[in-house]
Structure formats: C-alpha cells, structure tokens
Amino acid sequence: MRIDVVTIFPDYLAPLDLSLIGKARRDGLLDVHVHDLRDFAHDRHRSVDDTPYGGGAGMVMKPQPWAEALQHVGGSGPQGARPRLVVPGPGGMPFTQALAGELAEEPWLTFACGRYEGIDERVYDYAADELGLEVSVVSLGDYVLNGGEVAVLAMVEAVARLLPGVIGNAESLVEESHEDGLLEYPVYTKPAAWESAPGHIREVPPVLLSGDHGAIANWRHQQRLERTAARRPDLLHSSHAGAVLADFDLATATPADVPELLTLSRACWVTEARANGTLDIPPLLETLEEVAAGIAAWTTWTMRAGGRLVGSVRARVAPDDDSLWQIGRLMVAPDLQGRGLGRALLAFGEAQAPPGTAAYWLNTGARSDRNLRIYRKAGYRVRPGVGSIPGTVDLTKPRR
Ligand code: SAM
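Residues numbered from 1 in each chain as written. Predicted model: local features only at pLDDT ≥ 70, side-chain atom pairs only at ≥ 80, totals over all residues. Heavy atoms only, no water.

Moving on, we get to the packing of aromatic side chains. Summed over the entire model, instances satisfying the criterion amount to 3 aromatic pairs. Each ring, one from F9 and one from Y12, has its centre 6.5 Å from the other, and the planes form 55°; the classification is tilted. Since its relative accessible area comes to 39%, F9 is described here as partly exposed. Judged by its relative accessible area of 36%, Y12 is partly exposed. The interplanar angle of 90° and the centroid separation of 5.5 Å between the aromatic rings of W301 and F348 together place this pair among those described as edge-to-face. In this pair, W301 sits in strand β11 (residues 299–305) while F348 sits in helix α12 (residues 341–351), placing the two residues 47 residues apart along the sequence. Using a relative accessible area of 10% as the deciding quantity, one classes W301 as buried. (Phe/Tyr/Trp six-rings, centres within 6.5 Å; stacked < 30°, edge-to-face > 60°. Buried < 20%, exposed > 50% of the residue type's maximum accessible area, 1.4 Å probe, protein only. Helix = DSSP H or I, 4+ residues; strand = E, 2+ residues; numbered from the N terminus.)

This next bit is on helix α4 (residues 122–129). The complete set of buried residues in α4 reads V123, Y124, Y126 and A127. Viewed along the axis of α4, the buried residues span an arc of 165°, placing them on a single side of the element. Exposed side chains of α4 directed beyond 90 degrees from the buried face belong to R122 and D129. (Arc of directions from axis to C-beta.)

With that settled, the discussion passes to the nonpolar core. With 40 residues, the main nonpolar core has I327 and Y380 as its most contacted residues. The biggest single contributor to this core is helix α9 (residues 258–276), with 7 residues. Apart from the residues within four sequence positions on either side, I327 is in contact with W298, V313, R314, A315, L346, G349, E350, Y360, W361, L362 and Y380. In this structure, V5, V32, L153 and V156 belong to the second largest nonpolar core, which totals 29 residues. (Core = buried A, V, L, I, M, F, W, Y, C linked by side-chain atoms within 4.5 Å. Contact = heavy atoms within 4.5 Å.)

Geometric values such as these leave the question of function open.
What follows is the structure, given as structure tokens:
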C-alpha cells in the first residue's frame, strides 16, 4: 500500500519509522511519503494560512498550497491511478474498525493534515471535481486536536496492521475488540498465581488453566458480553448480546400492554419482597391505573417471545435533573432469568438516553443483593445516603 501524508509538520510523522509500521516499510509492504505543505507556498514566508472570511477567531489554511500539494501527490503515481483522500477532521465520519478495514483495501491513501481552523472548504470540492479523488473526512473521536497529524498516526497504524504480512500472527487480528461488535475478553499471562503484595495472591481464572477449549471459549464469550455491557452498552444492542435481544420482539409499550405489565411486575418483584422483608414495594401494589400512568410518564419498552410478555424496562429524563437518564422497572420473567437478558435490557435502556445525558440513575431495594451485584457489574455505584424511595438505594453510572 502507498501512503502519502501532507502536513506542515513532517517531523510529527517520524513514529511511522518505528515498530511494526517501520518494519512494514522496510519490508516493502508499506510505501510512505511525507510532504511538507510549505513546499507548495510561494511567498517569502511560505505562509499556508490566512484570516477567515466572515470574521471569527483563528486562521484558515489557504486553498492554493493545498491544491498544488494534492496535484503533485495525485500525479505522482502510475498512469491513471488516483489515491483516496482522507482528511482528518472532528466533523467527519467516525473512524471505526470497519472503516480501517475499508481503507486497508485501498492501494493508495493520501492524508491531508489540517491545522488552525481547518482547510478552506473549496479544497475538498477541488480534490473531488478537478483531481477526481474520492474524499473522506474522518474523525478520530468527539474531541478537538490541534492538527491532523495525531489522527493520521492513529489511522495509519490501524489500517496498516490489517495489511497481509504486517502483523506476524494474523490470527491475533480475528478476536480483537470491535471486529464483531464486542470488546475483547480479559487476557492473562504467567505466573498463574501472582503475588502482587506480600501475602496477596492474584490468580488467573481457573478455567483458563483447565485445558478445556470449549469451556474457555464459553468463558471468553461471556466475558466479552459482560465487558461490552459494562463499558460500552452503546455497542451492545448491535452486537452478539444485542442478538440475544434480537430473538425477542422489542416494542414501546402501549395501554394495551398494561394488564400484562402488571402481572409480570407482580411475578418479578416477589423475590425483592422476600429479600427486603416487606411487601410494601410499588411494583407489587400498583393498580392498573397506576401502571397506565407509568406508561404515560415514562418510555416503557416491552420484550416479547412468541407473543408472551417476558421482559420490560422503562426510562425517562429525570424530572429534577435533565443530565440524568432514569431507568426503572427492569424485569425479566422468572423462568428466563440468569441468561443475561436483564443485562442486555439494561444496556438497551441506557442506549436510548438522549445526547445531553451525563449519567444513568436507577434505584433498587437496599437489601436486593442480587440486583446490587448485577448493577455493580454493569458499572453502577451506590449513591451515598438513603434512596429516593424508603428502603431503597440509588445507583448511578457515568455515561462514557
Ligand atoms: N475548527 C475545527 C472544527 O471545530 O471542526 C477544528 C480545527 S482543529 C483545531 C485543527 C485540525 O485538527 C483539523 O483541521 C483536523 O485536521 C485536526 N483534528 C482536530 N480534531 C480532530 C479529530 N477529532 N479527528 C481528526 N482530526 C482532528
């Protein structure tokens, strides 16, 4: 693969000589050319920026040096060949593993590193219309860097490691995070029992020492689901765990669901009543009218299997604090519990939060040990003090 990078800081790209990427270059797998944009500026100061039309802070990169640089790069390949132009920018499409895979299929990529407030917009049209390049504006994430160079280093590394021969053991690419929508499982190496402090032994999970490949594969898959649910619930509903929910019909509840919701609540909260030593729990006592009022005040989702209501969760922007996404009435029919459905439904509820959400908030019985364990594993922490309902605790989890 050929890669060209145009920048005003060529030295910034020096790390591309190191490690596996440097070796790939030396092995002839990657042909990298770095160009100084200032070589295409013709005034005494080799200036590449100017003040913005319309006013405002900062400077904008001038079109002419960029046009000449892209013309130079675009014309330097074999007859008829054109690179795909990737312009890093915080307003671009997100850089994902899928996009890395797509870019790795290209024979030739050119990266244009912006600085200041960015590149004069006409350059993008010029590159597409007059140079015939496919132009992709790509963002590394929802934050702002000073320039495109760091983004190019990250993108080139993610793309180049997918090229045949760059990573010694190609199998190590298969099970990685983001390859199939799930994060990778935790990994361990020797010693099996590590003394991290005098008398404090930390052991590798025994299943990994069992030699039972099926059991190891199952354990790893379960770890992937749990890790994804805890750290990136936004991925979960489109991943394998989401496939767990995909076997069910998820829908927004309507008044027609009220009788079944009341029945399922009664069945699900009996264990909570026993754990907390009280029957005085709203989901056990609510009338049909109160369940209907709940549907009106919250968004409630139902989960059905073959028409039968087997689960539900509801959520809303917290009435007194619009940075909190309040999740409640998470329930799974008793005969289907213990299969990760509650975790998946919780992740689904979290993923419905509106953009301004800073944290998720839920509430459970102060003595509901099983629930507390599940919520803890999903990243929730008990808020100090008494819960918003007597006999309960509130838990929150920052949105990542
Ligand atoms: N004014 C621009 C805006 O708000 O969209 C930000 C310009 S930024 C200070 C300067 C350059 O850094 C951009 O032209 C781009 O090359 C690079 N850059 C900044 N954040 C980036 C991100 N999240 N992903 C990729 N490139 C980024």
